[in-house]
Amino acid sequence: MSVAPLHLKRWTRDEFHRVIESGLMEPSKRLELVDGQIVEKMTHHPPHVICIEAITRLLILRVGQTHSIRSQAPIALSDISEPEPDLTVVPGRPADYLKGHPTPEQIDMLIEVSDSSLDRDRRYKVPLYAKAGIREVWLVDVDGRRLEAYREPSPEGYRIVTTLAYTERLAPLFAPGILINVIDLLPPAQ
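Residues numbered from 1 in each chain as written. Predicted model: local features only at pLDDT ≥ 70, side-chain atom pairs only at ≥ 80, totals over all residues. Heavy atoms only, no water.

Draft legend 1. Layout of the pairing of strand β5 (residues 109–114). Within β5, six of the six residues are buried, leaving the element largely enclosed by the surrounding structure. On β5, burial covers both faces: M109, I111 and V113 on one face and L110, E112 and S114 on the other are all buried. Sheet analysis places strand β4 (residues 87–91) next to β5, joined by three bridges and oriented antiparallel. The residue of β5 that forms the bridge with L87 is I111. In terms of strand pairing, β5 meets strand β6 (residues 136–141) through five bridges, oriented parallel. Each residue of the ladder has a partner; that of E112, found in β6, is L139. (Buried < 20%, exposed > 50% of the residue type's maximum accessible area, 1.4 Å probe, protein only. Helix = DSSP H or I, 4+ residues; strand = E, 2+ residues; numbered from the N terminus. Pairing = 2+ DSSP bridges.)

Draft legend 2. Representation of the nonpolar core in the model. By size, the foremost hydrophobic cluster in this structure holds 26 residues, and its most contacted members are I55, L59, I111, W138, V140, L147 and L185. Of all the elements in the fold, those that place two or more residues in this core are α2 (46–63), β4, β5, β6 and β7 (146–154). At six residues, α2 tops the list of elements feeding residues into this core. Apart from residues no more than four positions distant in its own chain, L147 is found in contact with W138, L139, V140, T162, T163, L164, L170, V182 and L185. Among the nonpolar cores identified, the runner-up in size contains 17 residues, and I75, I134, V137 and Y150 belong to it. (Core = buried A, V, L, I, M, F, W, Y, C linked by side-chain atoms within 4.5 Å. Contact = heavy atoms within 4.5 Å.)

Draft legend 3. Focus on the sheet that holds β6. Pairing within the open sheet is mixed, and its six strands lie in the order β3-β4-β5-β6-β7-β8. The open sheet has two edge strands with one neighbour each: β3 (67–71) and β8 (157–165). The sheet shows a mean angle of 20 degrees between the axes of neighbouring strands, direction not considered. Along the sheet, α2 contacts β3, β4, β5 and β6; its crossing angle with β5, the most-contacted strand, is approximately 155 degrees. (Axes fitted to C-alpha atoms, helices over the stretch in contact; angles between N-to-C directions.)

The structure is reproduced here in structure tokens:
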């Protein structure tokens, strides 16, 4: 006996917002829209939070005159994706995005901080960002104490993936004159 395939509902960004605004989803739930699916965000452990705060401070000091650093805020990737990366670097002031969340063309770099979410970020979020054309994604591997830099997006994924140890450094594509030490992106070793 043949079983009919299961067809899942793919939500649009507009539908997602209407569901949230209607109160059908618990307001305490941390949700994001990833490729048409409503996904519950991972719990943030203290090293994850410390890492986000350290990177935010570092980026504000290095590029805060020309760029805004958005922390855990939505981005408008497509009609069916509105994820909330840990950090998004966009040109200009926060008020420049008053009429809408940044789109792929406006995003200079995304940073995901991964501890318990490492596999999930690699398998779902990084490919989603590549497909949308985000030019650079940094995946900070808290437990592995390293940085994975993804560059040259394509619909099949990123063409260049570089893994750097905590002793190395890298300049973001949007600010090639600013070298950032990987160790400065990580929480203190325990």
